[in-house]
Amino acid sequence: MPVANQHVRLAATAAVLLLAAVTGCAPQDEADASKTSATTKETCARGKLTTQTPGKLTVGTDKPAYAPWFQDDDPASGKGFESAVAYAVADRLGYGRSDVLWQTVAFNNAFAPGAKKFDFDLNQISISDERKNAVDFSSGYYDVRQAVIALKGSPAAKAKTVADLRKAKLGAQVGTTSLDVLTDVVRPERRPAVYQKSDFAKSALKNGQVDAIVVDLPTAFYITSSEVEDAEVVGQFENTGGRAERFGLVLDKGSRLTPCVSGAVDALRRDGTLARIEKKWLSEAVDAPVLK
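Peer 1: Before we move on, can you summarise the side chain of Gln173 with the specific residues and values?
Peer 2: By secondary structure assignment, the location of Gln173 is in strand E6 (residues 170-173). The exposure class of Gln173 is buried, given its relative accessible area of 15%. Side-chain polar atoms of Gln173 contact the backbone oxygen of Gln196, separated by 3.4 Å. Non-local contacts of Gln173, meaning those with residues more than four positions away in its chain, are made with Phe107, Leu179, Tyr195, Gln196, Lys197 and Ser198.

Structure below.
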């Protein structure tokens, strides 16, 4: 056979094989896509997630577990906004109340780098880009603003603007967005007092060690109504950066549960469950003047 003809036949054969390969791949790609979709659905199958303890859902939060987020320092009671949210999310994921295991996790440890021993954690932890470097977040389950509280009759209690607070001795819990607002928005003339736990900040206010402290708004109303009754809510801060601050459920970085948990939170927001829980447990957190 002439060399030229041999080259023609080889080229034709290669073309046929290539066409067959391309044609044969299309159905296989569709099958793979369907398989991938099915796998995604399987990972969120109700009550069958790949969790820390098979068949159970482990939820973390700090101790003490403060009102109005929890009641009587008992996360498992179902009472308090975050306890109710945790059980509502669990139910959406296919886990009954008896399937939820609670674990004590210090606030700062919840979003610190490293593997987690919980499936998700909730403890008034605001979603932030910096924290996302170490952990995953669900969709937001509560829109929050920060507020300042001060002892009644003190100079700080008379503040009408952010500038009015700058000369005061202020404090907040370490690692919180409350402290971020204090340092980035208020920018006090004196270094803020920083506390490991919210209880320590409340004690400092009560004992006159600071003029005022910054906490989230619902906590501010609870403190002034039930714990430090000679204090009052001075006002709340505007959201900065054009983006609402939201609390999110914290998950291990790259967790397979993240889309499932976010889907549950989104469903609870759509059907009004989150709004009903908020109305029940946070209704006392009425509006407060905005400090500008």
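Let's pick the thread back up.
Peer 1: Describe the nonpolar core, naming the residues involved and giving the relevant values.
Peer 2: Of all hydrophobic cores here, the largest spans 35 residues; its most connected members are Phe81, Val89, Leu93, Phe120 and Tyr141. Elements that contribute at least two residues to this core include exactly strand E1 (57-61), helix H2 (81-93), strand E4 (135-144), strand E10 (245-252), helix H8 (258-270) and helix H9 (273-282). With nine residues, the top contributor of residues to this core is H2. Beyond its immediate stretch of four places on either side in the chain, Val89 contacts Phe120, Leu249, Val261, Ala264, Val265 and Leu268.

Peer 1: I'd like a rundown of helix H7 (residues 217-227), residues and numbers included.
Peer 2: All of the buried residues in H7 are Leu217, Pro218, Thr219, Ala220, Phe221, Ile223 and Thr224. Buried residues in H7 make contact with E4, strand E5 (146-151), helix H6 (198-206), strand E8 (212-216), strand E9 (231-237) and H9.

Peer 1: Tell me about the sheet that holds E5, and name the residues and values.
Peer 2: What the six strands build is an open sheet, ordered E7-E6-E8-E5-E9-E11; its pairing is mixed. At either margin of the open sheet sits one strand with a lone partner, and together these are strand E7 (193-195) and strand E11 (290-291). Relative to E11, E9 is paired through two bridges, and the arrangement is parallel. Its bridge partner being in E11, Gln236 is matched across the sheet by Val290. Strand contacts of helix H5 (residues 177-186): E5, E6, E7, E8 and E9, with the helix running at about 145° to E6, the strand carrying the most contacts.

Peer 1: A description of empty space enclosed by the protein should follow, citing residues and the corresponding values.
Peer 2: If you walk through the whole model with that rule in mind, you get two cavities of 30 Å³ or more. By volume, the largest cavity amounts to about 310 Å³. As for the largest cavity, its lining consists of 23 residues, and the residues nearest its centre are Gln124, Gln173, Thr176, Ser198 and Asp216. Those elements that place two or more of their residues in the lining of the largest cavity are H5, H6 and E8. It is E8 that provides the largest number of residues to the lining of the largest cavity, a total of four residues. Among the residues making up the lining of the largest cavity, the classes are represented as nine nonpolar, ten polar and four charged. Its volume calculated, the second largest cavity comes out at about 40 Å³. Lining the second largest cavity we find Tyr66, Ala67, Ser198, Lys202, Thr219, Tyr222, Ile223 and Glu227. Only H6 and H7 provide two or more residues apiece to the lining of the second largest cavity.

Peer 1: Which residues make up the pattern of salt bridges, and what values go with them?
Peer 2: Inspection of every chain in the model, using the stated rule, returns nine salt bridges. Of the charged contacts, one joins Asp99 and Lys56 as a salt bridge, the two residues approaching to 3.7 Å between their closest N and O atoms. One end of the pair, Asp99, is in the loop between H2 and strand E2 (100-104); the other, Lys56, is in the loop between helix H1 (3-43) and E1, and 43 residues separate them in sequence. Since its relative accessible area comes to 27%, Lys56 is described here as partly exposed.

Criteria and cut-off values
- Residues numbered from 1 in each chain as written.
- Predicted model: local features only at pLDDT ≥ 70, side-chain atom pairs only at ≥ 80, totals over all residues.
- Heavy atoms only, no water.
- Helix = DSSP H or I, 4+ residues; strand = E, 2+ residues; numbered from the N terminus.
- Buried < 20%, exposed > 50% of the residue type's maximum accessible area, 1.4 Å probe, protein only.
- Polar contact = N/O pair within 3.5 Å; in protein donor to acceptor, adjacent residues only side chain to side chain.
- Contact = heavy atoms within 4.5 Å.
- Core = buried A, V, L, I, M, F, W, Y, C linked by side-chain atoms within 4.5 Å.
- Pairing = 2+ DSSP bridges.
- Axes fitted to C-alpha atoms, helices over the stretch in contact; angles between N-to-C directions.
- 1 Å grid on protein atoms, 1.4 Å probe; cavity = no way out; pocket = protein on both sides within 12 Å on 5 of 7 lines; lining within 4 Å.
- Points joined across faces, edges and corners; volume = space filled by probe spheres on them.
- Nonpolar A, V, L, I, M, F, W, Y, C, P; charged D, E, K, R; others polar.
- Salt bridge = Lys/Arg side-chain N within 4 Å of Asp/Glu carboxyl O.

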